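Examining the three-dimensional arrangement
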Amino acid sequence: MSYIPRLFEFLRQLGQNNDRVWFQTHKAEYDDLRLAWLADLDRVIGAMTPWEAGMASQSGRTAVYRIYRDTRFSADKSPYKTYFSAAFSPYGRKSDRAGYYLELSPFESHRSGLYGGLWCMERPVLNKLRRAIVDNIEEWEAILNDRTLKEAFPHWCSSMLKTIPKGWDRDHPQAFYLRMTNYGLFSPLSEDYFLSSEWPEETARRFHALKPFCDFLNYSIDEEV
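Rules and cut-offs
Residues numbered from 1 in each chain as written. Predicted model: local features only at pLDDT ≥ 70, side-chain atom pairs only at ≥ 80, totals over all residues. Heavy atoms only, no water. Pairing = 2+ DSSP bridges. Helix = DSSP H or I, 4+ residues; strand = E, 2+ residues; numbered from the N terminus. Contact = heavy atoms within 4.5 Å. Axes fitted to C-alpha atoms, helices over the stretch in contact; angles between N-to-C directions. Parallel < 35°, antiparallel > 145°, perpendicular 65-115°, else oblique. Left-handed = near helix turned anticlockwise from the far one by under 90°. Nonpolar A, V, L, I, M, F, W, Y, C, P; charged D, E, K, R; others polar. Core = buried A, V, L, I, M, F, W, Y, C linked by side-chain atoms within 4.5 Å. Buried < 20%, exposed > 50% of the residue type's maximum accessible area, 1.4 Å probe, protein only. Phe/Tyr/Trp six-rings, centres within 6.5 Å; stacked < 30°, edge-to-face > 60°. Salt bridge = Lys/Arg side-chain N within 4 Å of Asp/Glu carboxyl O.

**Here we look at the sheet that holds strand E5 (residues 183-188)**
In any sheet, the strands associate via hydrogen bonds between backbone groups, in a parallel or an antiparallel arrangement. Read from one edge of the open sheet, five strands run E1-E2-E3-E5-E4, paired in antiparallel fashion. Two strands in the sheet have a free side with no partner beyond their single neighbour: strand E1 (84-88) and strand E4 (155-156). Pairing of strand E2 (residues 99-104) with strand E3 (residues 113-118), which is carried by five bridges, proceeds in the antiparallel orientation. Counterpart to Tyr101 in the pairing with E3 is Tyr115. Contacts from helix H1 (residues 4-16) reach E1 and E2 within the one sheet, and its direction differs from that of E2 by about 75°. Helix H3 (residues 27-48) contacts E1 and E2 of the sheet and is inclined by roughly 25° relative to E1.

Now the structure itself:
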């Protein structure tokens, strides 16, 4: 029997009882759910490795994020995340390169879905990517207009500047991309998605559609100016 319904219910209960006493009382259940989650993350990685060879050095344990929140600089002092998540990259979970991300949650505030791209980059990297997109706009748009990618990842996931960045013509034809402060794509998922016994392999298949997008960002970062 799938552990997924129990995981969603655990997270719902955690959302209503986000304190250390409740969590410690249910720690054994959390540990059991986490082990099952790690096993499925290993399956995702195994299914990604044929087309992303660098993933062979990764595992569920290197991809998974902790459930414990860093509350030092947050007004919300809730000690636990109400979602399970993982990041997949040949460069490792903490890499500053574009990669793949998975989140499972019963709450709209942390919407279940698949993500890919690059977020929270340093300003010089963002500026370099803006230039790479403008200079290679035909390649960039060909990647974005690929039917498989558009079907698998129909939404952008990025904050946007209100105006064009300084140094660019405000009527620039690529103004939409230049105003982005992150380059990420997103596919929302329902709880039913995770009820399929093959969801890890399906996740890897969908991530595969993102590879040209992530590759463009990564070789643009590495390109010598």
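Following the structure, the description resumes.
**Focus on the packing of H1 against H3**
Orientation of H1 relative to H3, taken along the N-to-C sense of each, is 130°, at an axis distance of 10 Å. It follows that H1 is oblique to H3 by the angle criterion. By crossing handedness, the relation of H1 to H3 is classed as left-handed. Residues Arg6, Leu7 and Phe10 of H1 touch H3, and the partners they reach there are Glu29, Tyr30, Asp32, Leu33 and Trp37. Of the residues contributing to the contact of H1 with H3, the split by class is five nonpolar, no polar and three charged.

**Quick notes on the nonpolar core**
Membership of the largest hydrophobic core comes to 60 residues, with the highest contact counts inside it found for Trp37, Phe88, Trp140, Tyr183, Phe207 and Phe213. It is helix H10 (residues 199-222) that provides the largest number of residues to this core, a total of ten residues. In contact with Phe88, not counting residues within four places along its chain, are Leu41, Val44, Ile45, Met48, Met55, Ala63, Gly99, Tyr100, Leu102 and Phe207.

**Concerning the packing of aromatic side chains**
Summed over all chains, the structure comprises 30 aromatic pairs. With a centroid separation of 5.7 Å and 65° between ring planes, the pair formed by Trp37 and Phe84 is classed as edge-to-face. Residue Trp37 is found in helix H3, and its partner Phe84 is found in strand E1; the two are separated by 47 residues along the sequence. The class for Trp37 is buried, based on a relative accessible area of 0%. Judged by centre distance (6.3 Å) and plane angle (70°), the ring pair of Trp156 and Phe176 falls under edge-to-face. Of this pair, Trp156 sits in strand E4 while Phe176 sits in helix H8 (residues 175-178), placing them 20 residues apart in sequence. In this structure Phe176 comes out as partly exposed when scored by relative accessible area, which is 40%.

**Brief notes about the pattern of salt bridges**
Taken as a whole and judged by the stated rule, the model has 16 salt bridges. For Arg6, the salt bridge goes to Asp32, with nearest N and O atoms at 3.0 Å. Of this pair, Arg6 sits in helix H1 while Asp32 sits in helix H3; the two residues are 26 residues apart in sequence, bridging distant segments of the chain. Among the residues examined, Arg6 registers a relative accessible area of 38% and is labelled partly exposed. Put simply, Asp76 and Arg69 hold a salt bridge, and the shortest N to O gap is 4.0 Å. When salt bridges with common partners are traced through the structure, they connect Glu9, Arg12 and Glu191 into a single cluster.

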